[in-house]
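# A structural walkthrough
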Amino acid sequence: MKRPKLRKASKRLTCHKRYKIQKKIREHHRKVRREAKKRGRKKPRKDPGVPGSAPFKEALLREAELRKQRLEELKRKQKLDRQKELEKRRKLDAKRSAAAIQEQTDGKESSGKSEAKKTKKALDKNAKKSLHSELEKVIETSDVILEVLDARDPMGCRCPQLEQAITCSGGDKKLLLVLNKIDLVPKENLEKWLNYLKKEFPTVAFKSATLLKDRNMQETFRRRRARIDLSRHTESFGSGCLMKLLQEYGRTQNKAIQVGLVGFPNVGKSSIINSIKKDRVCDVGPARGVTKSMQVVRIDKHMKISDSPSIVADATNSAVTLALRTIIHSGESCSLNVIEAVDAVLNHCNKQQVMMFYSIPDFKNTEELLSLLAQKRGMLKKGGVPDIENVAKSLLCDWTGAKISYHSEPPALQIMPPYLTEDKIAELQRGFNLKKLEEENSSTVQALKYPSPASSIVFQSAGMTNGKIVRNKVVEEESEWEDLETSHDEEDFMETDDDQDIIEEEEKEENNVKEDGRTRLTGSAELGTGQTGDAHSENEMAETGLASSLPSSLDKAAGEDDAYDFNTDYV
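Residues numbered from 1 in each chain as written. Predicted model: local features only at pLDDT ≥ 70, side-chain atom pairs only at ≥ 80, totals over all residues. Heavy atoms only, no water.

### A few points about the overall build of the protein chain
The condition that has to hold: Put simply, DSSP H or I for four residues or longer makes a helix, DSSP E for two residues or longer makes a strand, and each gets a number counted from the N terminus. Only protein chains enter the area calculation, which uses a 1.4 Å probe; residues under 20% of their type maximum are buried, those over 50% are exposed, and those in between are partly exposed. Working rule for contacts: check all heavy atoms of both residues, and any pair within 4.5 Å makes them a contact. The accessible surface values rely on the Shrake-Rupley method and a 1.4 Å probe; as for residues, cover is taken only from the protein chains in view.
Regarding its fold elements, the protein chain presents 19 helices and ten strands. Buried positions account for 35% of the 571 residues belonging to the protein chain. Counted over contacts in the protein chain with a minimum sequence separation of 6, partners at least 24 positions apart contribute 76%. Split by element, the accessible area of the protein chain, about 38500 Å² in all, is 52% carbon and sulfur.

### A word on the packing of aromatic side chains
So the rule is basically this: In summary, the pairing rule links any two rings of Phe, Tyr or Trp, Trp by its six-membered ring, whose centres are within 6.5 Å, and it sorts them by plane angle into stacked for under 30 degrees, edge-to-face for over 60 and tilted for everything else. Each ring is checked for a lysine NZ or an arginine CZ that lies within 6 Å of its centre and within 35 degrees of its normal; such an atom marks a charge sitting over the ring.
Within this structure, the stated rule accounts for six aromatic pairs. A centroid spacing of 6.1 Å and a plane angle of 45 degrees characterise the contact between tryptophan 399 and phenylalanine 459, whose relative ring orientation is tilted. With a gap of 60 residues between them, tryptophan 399 in helix H13 (residues 388-400) and phenylalanine 459 in the loop between strand E9 (457-458) and strand E10 (467-468) connect regions that are remote in the sequence. Phenylalanine 459 shares its class with tryptophan 399; the two are buried. Grouped by ring-pair contacts, the aromatic residues Trp399, Tyr406 and Phe459 constitute a single cluster. The ring centre of tyrosine 19 lies 5.6 Å from the NZ or CZ of arginine 18, which sits over that ring. In this structure, lysine 351 packs its charged tip against the face of phenylalanine 363, placed 5.0 Å from the ring centre.

### Here we look at the confidence of the model for the protein chain
Note: predicted coordinates in regions of low pLDDT should not be interpreted at a detailed level. The condition that has to hold: A residue's pLDDT is the predictor's confidence in that residue, given on a scale from 0 to 100.
When pLDDT is averaged along the protein chain, the result is 75, and 70% of the positions lie at 70 or above. Ranking the helices and strands of the protein chain by mean pLDDT puts helix H1 (residues 15-39) first, with 94, and helix H17 (residues 523-536) last, with 40. Confidence over residues 329-336 falls short of pLDDT 50; this stretch has 14 contacts with residues more than four positions distant or in other chains. In this model residues 471-500 is a low-confidence stretch, pLDDT under 50, and it forms 18 contacts with partners more than four residues away in sequence or in other chains.

### A word on the sheet that holds strand E3 (residues 203-205)
Going by this rule: At least two bridges found by DSSP between two strands is the condition for calling them paired. Here the axes come from fitting lines to C-alpha atoms, over the contacting stretch only for helices, and the angles between their N-to-C directions go from 0 to 180 degrees.
Pairing is mixed across the open sheet formed by six strands, whose spatial order is E3-E2-E1-E4-E6-E5. The sheet is open, and its two borders are formed by E3 and strand E5 (295-300), each paired with just one other strand. With direction set aside, neighbouring strand axes in the sheet form an average angle of 25 degrees. Across three bridges, strand E2 (residues 174-180) lies against E3 in parallel orientation. Note that in E3 the partner of leucine 179 across the bridge is alanine 205. Running over the sheet, helix H4 (residues 160-167) touches strand E1 (144-150), E2 and strand E4 (257-262) and is turned about 165 degrees from E1.

### Examining helix H7 (residues 239-253)
Our working definition: Every helix has an expected span of 1.5 Å times one less than the residues it contains.
Taking 1.5 Å per residue, 15 residues should reach 21 Å; H7 reaches 21 Å between its end C-alpha atoms and fits that length. Listed in full, the buried residues belonging to H7 are Ser239, Cys241, Leu242, Met243, Leu245, Leu246, Tyr249 and Gly250. Just downstream of H7 lies asparagine 254, where phi reads positive at about 55 degrees.

### Brief notes about a nonpolar patch on the surface
Defined as follows: Patches were defined on residues exceeding 30% relative accessible area and lacking a salt bridge, with like-charge contacts within 9 Å and nonpolar side-chain contacts (Val, Leu, Ile, Met, Phe, Trp, Tyr) within 5 Å. When a carboxyl oxygen of Asp or Glu lies within 4 Å of a side-chain nitrogen of Lys or Arg, that pair is called a salt bridge.
A contiguous nonpolar patch, built from Leu13, Ile21 and Ile25 and spanning about 250 Å² of accessible area, is present on the exposed surface. Within the secondary structure, leucine 13 is located in the segment before H1.

### Concerning the pattern of salt bridges
Two side chains that carry opposite charge are able to pair once their charged atoms sit near each other. Under the counting rule described, the total for this entry stands at 17 salt bridges. Among the salt bridges present, the one from lysine 255 reaches aspartate 143, with a minimum N-O distance of 3.9 Å. Remark: aspartate 143 occurs in the loop between helix H3 (111-141) and E1 and lysine 255 occurs in the loop between H7 and E4; sequence separation between them is 112 residues. Here lysine 255 falls in the partly exposed class, since its relative accessible area comes to 43%. Look at aspartate 143 and you get partly exposed, because its relative accessible area is 21%. What you see here is one network of salt bridges that share partners, running through Asp150, Arg152 and Lys181.

### So, unusual backbone geometry
The phi angle at asparagine 254 is positive, at roughly 55 degrees, despite the residue not being glycine. When you line up the elements, asparagine 254 lands in the loop between H7 and E4. With phi around 55 degrees, serine 359 is a residue other than glycine that occupies positive phi space. Looking at the secondary structure, you find serine 359 in the loop between helix H11 (351-358) and helix H12 (366-377). By relative accessible area, which is 54% here, serine 359 ends up exposed.

### A look at the pairing of E2
Put simply, the rule reads: With the strands pointing away from the viewer, any crossover whose connection runs clockwise from the first strand over the helix to the second is right-handed.
With respect to burial, E2 is a largely interior element, seven of its seven residues being buried. Where burial is concerned, the two faces of E2 agree: the one with Lys174, Leu176, Val178 and Asn180 and the one with Leu175, Leu177 and Leu179 are both buried. Pairing of E1 with E2, which is carried by seven bridges, proceeds in the parallel orientation. Opposite leucine 149, over in E2, you have leucine 179 as the bridge partner. This β-α-β element, E1 to H4 to E2, shows right-handed connectivity.

### Topic: the nonpolar core
For soluble globular proteins, nonpolar side chains are generally found buried alongside one another. Rules: The term nonpolar core refers to a set of buried residues drawn from Ala, Val, Leu, Ile, Met, Phe, Trp, Tyr and Cys, joined through side-chain atoms within 4.5 Å.
The biggest cluster of nonpolar side chains holds 63 residues, and the ones touching the most others in it are Leu146, Leu179, Leu190, Leu242, Leu246, Val259 and Ile272. The greatest single-element share of this core, amounting to six residues, is contributed by H7. Filtering out sequence-adjacent residues up to four positions away, isoleucine 272 remains in contact with Val148, Val178, Asn180, Phe206, Ser208, Leu242 and Leu261. With 28 residues, the next largest nonpolar core counts Ala323, Cys349, Val354 and Ala392 among its residues.

### A short note on the pairing of E1
The buried count for E1 comes to seven of seven residues, which makes it a mostly enclosed element. By the alternation rule, side chains of E1 split into Val144, Leu146, Val148 and Asp150 and Ile145, Glu147 and Leu149, which are all buried.

### Structural notes on the environment of methionine 243
Secondary-structure assignment places methionine 243 in helix H7. The class for methionine 243 is buried, based on a relative accessible area of 13%. Between the alpha carbons of methionine 243 and isoleucine 299 there is a distance of 9.7 Å; along the sequence they are 56 residues apart. Aside from chain neighbours lying at most four places away, what touches methionine 243 is Ile276, Ile299 and Met303.

### Side note on the side chain of asparagine 189
Heads up, the rule is: Polar contacts, as counted here, are pairs of nitrogen or oxygen atoms within 3.5 Å of one another; within protein the pair requires one atom able to donate a hydrogen and one able to accept it, and residues that are adjacent in sequence qualify only if both atoms are side-chain atoms.
Inspection of the secondary structure puts asparagine 189 in helix H5 (residues 187-197). In terms of polar contacts, asparagine 189 uses its side chain to reach the backbone carbonyl oxygen of serine 408, at 3.1 Å. If near-sequence neighbours (up to four positions away) are discounted, asparagine 189 is found in contact with Ala151, His407, Ser408, Glu409 and Pro410.

What follows is the structure in structure tokens.
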């Protein structure tokens with residue numbers, strides 16, 4: 001067997017062969033020149049131009065120049081038409097191929113298509129139910145609940161339904177606010193928000209670490225560039241303050257406590273747990289809704305922290321709220337188109353600041369901004385067409401992630417929610433050392449570097465975000481009065497129905513008339529028969545004691561309208 005070659009064959013030639021090839025080439029060129037000499041060369045005729053003595057020379061030159069411009073314009077137009085035609089053909093081919101693939105799949109399982117749609121809808125509903133049930137588990141099993149807020153828009157990250165469910169639970173549950181991502185807002189704005197929020201709930205300033213390594217993964221590369229400062233991403237601020245606050249509360253309760261983290265997507269719930277544990281124990285990422293189920297992490301023998309899935313935003317919220325707070329953008333009834341979502345976000349910002357941040361020229365609308373960003377980032381489709389949809393998704397990720405520095409101002413007038421009274425606020429603050437918390441927050445604020453107010457984009461907040469919270473024992477207290485009212489109404493209706501049945505039986509015995517059409521009377525007709533019956537048989541009703549159950553208004557109406565009888569048909 002011939003041994004296979006390990007290397008490619010060399011292209012080197014012997015000198016004899018190389019010189020022979022060069023000689024053949026020289027002979028060929030000589031032959032070509034000889035034949036061209038025999039034929040004679042025909043030089044291209046040079047344009048003589050317009051002679052100087054010709055009349056109307058300037059007009060002729062102007063006409064020639066215009067003709068030349070028309071030809072160039074025609075060539076440019078033809079080129080654009082060809083490009084448009086090619087783009088149309090590409091789109092048609094793509095549609096045909098997609099239609100062909102869809103026909104093949106439909107032909108294979110036409111009956112299974114409807115079943116697949118049903119299962120998909122059921123899966124979406126089951127996914128929402130699972131998120132609600134996991135969130136409910138965290139709320140029920142936790143002694144202290146931390147509502148995580150994004151420092152760039154704290155009011156937009158608050159859920160009034162969640163706060164009301166916790167405060168009105170009737171138990172010893174405590175609610176704390178954790179103001180995360182404080183390094184992305186100016187220092188003055190952060191101090192304003194801390195002063196605003198601490199009047200309602202105890203508030204902790206926090207900056208989580210975002211570049212924690214998993215201890216199970218081996219280090220695959222070494223850091224070569226020592227100049228890069230990674231302290232901004234690897235260090236956390238406020239974790240010591242939060243741990244001291246929770247440990248002191250646990251000592252006052254004389255038991256091991258369980259802490260639950262809740263909030264909307266991309267506010268940093270899992271990152272806070274990783275920062276406290278100083279290890280990557282929870283999955284984190286720029287995508288929304290990474291956490292799908294409840295996860296319990298043991299901090300020490302006296303404390304456990306449970307991570308929860310995100311709160312599902314209600315579809316009745318504003319467009320900018322749905323753009324920044326929804327978990328899934330595609331396939332949801334409350335989801336917006338990504339371009340409309342970007343438009344809603346940009347409408348709440350200053351245009352000049354957005355242009356300075358992205359380093360782009362002036363734009364007329366959102367699509368022009370996205371096309372400029374696509375060209376700048378190199379996000380282009382086939383033929384150089386800007387990929388607007390993917391650029392819009394990346395821009396929304398910038399706003400929900402930790403890339404863009406923007407801030408919103410707190411309301412000028414602080415109005416307490418209806419579920420927060422002075423007694424309720426004092427009860428929620430009981431067990432926490434608020435003076436020490438304020439000192440720790442001030443030391444955390446002083447230790448960080450902040451963006452300047454000029455480089456931070458001013459954002460107009462849309463207010464609190466309504467969320468979908470599962471109805472459980474926590475929120476049943478609100479509907480007690482409604483249940484009592486409905487039960488009283490049902491009793492009244494039952495009494496009036498019994499009276500009407502007795503009156504109808506007496507009338508049937510007197511008249512001995514049975515008609516099928518008259519048994520199907522409307523509700524108003526039945527009420528009328530009750531009124532006439534009261535007028536004719538007041539003595540009998542008084543004897544039986546049923547007249548006391550009827551309202552007095554019916555008795556008055558019966559005395560006035562006893563001339564009209566609903567039992568007789570008027571044609």
